[in-house]
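Coordinate analysis (summary)
Now for the letters of each chain:
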Amino acid sequence: MDDRLQEKVALVTGGARGIGKAIALKLADAGADVVVCDIDEDGARATCSQIKEMGRKSEAYKINVTDFDGVADMMKQVIDTFEKVDILVNNAGITRDKNIFLMDKTDWDSVIGINLTGYFNVTRNIIMPMLKNKNGSILNIASVSGLIGLPGQANYCSSKHGVVGFTKSLAKECGRAKVTVNAIAPGFIETEMTAKLGEDRIKELKKTIPIRRFGLVDEVAELALFLVSDKARYITGQCFTIDGGLTV
Ligand code: NAP
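Read on for an overview of the structure. These numbers were taken from a predicted model, which means no experiment stands behind them. (Residues numbered from 1 in each chain as written. Predicted model: local features only at pLDDT ≥ 70, side-chain atom pairs only at ≥ 80, totals over all residues. Heavy atoms only, no water.)

With respect to the packing of aromatic side chains
Here is the rule: Any Phe, Tyr or Trp ring, taking Trp's six-membered ring, that has another such ring centre within 6.5 Å forms a pair; planes under 30 degrees apart are called stacked, those over 60 apart edge-to-face, and the others tilted. Every helix listed is a DSSP run of H or I at least four residues long, and every strand listed is a run of E at least two residues long, numbered separately from the N terminus. Burial here depends on accessible area, computed with a 1.4 Å probe over protein chains only, as a share of the maximum for the residue type. Under 20% is buried, over 50% is exposed, and the range in between is partly exposed. To sit over a ring, a charge needs its Lys NZ or Arg CZ within 6 Å of the ring centre and within 35 degrees of the ring normal.
Scanning the entire structure with this criterion turns up two aromatic pairs. A centroid spacing of 6.2 Å and a plane angle of 20° characterise the contact between Phe-68 and Phe-120, whose relative ring orientation is stacked. Taken together, the residues Phe-68 in helix 3 (residues 68-82) and Phe-120 in helix 4 (residues 105-133) connect sequence positions 52 residues apart. The exposure class assigned to Phe-68 is partly exposed, which follows from its relative accessible area of 32%. For Phe-120, a relative accessible area of 39% gives the class partly exposed. Geometry around Phe-82 places Lys-57 over its ring, the cationic atom sitting 5.0 Å from the centre.

Here you go:
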């Protein structure tokens, strides 16, 4: 059995499905107790049940990451129950793709609010105990849209470029306290987010990927596990691309 994260407590946002769920299960499989938060309460509970079946402690919280005070309340409950958080995975994110002339203010505000301000809200409420304990790993799920520009994604690309900057800045602030901060930039991964693209578009997109397929959530989770484990204590401020060669 993999026991790399024995005695660790992890918190994963957007853990009800997709990449967040795969990461939550992977960290539990490596021995961590896992707090699962999502705006989708039933989905978060389902992930939580799977983790408990693996013999780990887990709690599900319904949370909107844009709600700073709500996140603060949740964190109090998490500390009461788990006493600490060693690993934070900021993952909850959305897309509202449109060309700029069709993009309304709600499309802009919702993507920036969840994908960027949401990462701040959760991190700000978790960072103090991590710094005091002189231990911790923060992993931010960015995107290849945080490295390159893509048409129809001015909002999403801006949020994900922001996440990469946030990661680098925090790494410089938190290194002295032995808290690492890294990001993962996935390309196209098979989840409900990319299923929305439709079959024809997916077929076309696959032709542009050197490996000729979308990635699997488990492939992202495997990289996430390594980055939050003690094997990666000297890695910080980095953004790791996992995209089948899309952006090389
Ligand atoms: P997904 O399948 O759509 O899952 C995202 C989860 O986050 C959902 O359960 C969603 O709940 C939840 N969520 C949305 N808004 C929230 C909020 N305000 N507060 C709390 N939870 C919220 O997405 P995914 O494909 O797994 O993507 C996960 C992360 O990876 C995102 O940051 C995304 O940008 C990034 N990413 C994905 C891909 C990809 O190809 N899939 C590529 C690059 C980067 P509801 O559905 O109920 O709203």
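We are not done yet, so read on.
What to know about the site of the ligand
The criterion, for reference: Each residue is tested against the molecule or strand, and it is near if at least one of its non-hydrogen atoms lies within 4 Å. Distance and chemistry together define a polar contact, namely a pair of N or O atoms within 3.5 Å, with one atom able to donate a hydrogen and the other to accept it when in protein, and with adjacent residues in sequence counting only for side-chain atoms on both sides. Each accessible area value is a Shrake-Rupley result obtained with a 1.4 Å probe; residue values ignore everything except the protein chains displayed when judging cover. Residues were grouped as follows: Ala, Val, Leu, Ile, Met, Phe, Trp, Tyr, Cys and Pro as nonpolar; Asp, Glu, Lys and Arg as charged; and all remaining residues, including Gly, as polar.
Taken together, the neighbourhood of the ligand is formed by 30 residues, with Arg-17, Asn-91, Tyr-156, Ile-189 and Thr-191 sitting nearest. One of the side-chain nitrogen or oxygen atoms of Tyr-119 is found 3.4 Å away from an oxygen atom of the ligand. In this structure, Ile-189 approaches the ligand through a main-chain N or O atom, which is 2.8 Å from an oxygen atom. Isolated, the ligand exposes 880 Å² of accessible area, and the fraction of that covered by the protein chains is 90%. Secondary structure elements with two or more residues in the shell around the ligand: helix 1 (18-29), helix 4, helix 5 (154-174) and helix 6 (192-195). The biggest single contributor to the shell around the ligand is helix 6, with three residues. Across the shell around the ligand, the residue classes break down as 16 nonpolar, nine polar and five charged.

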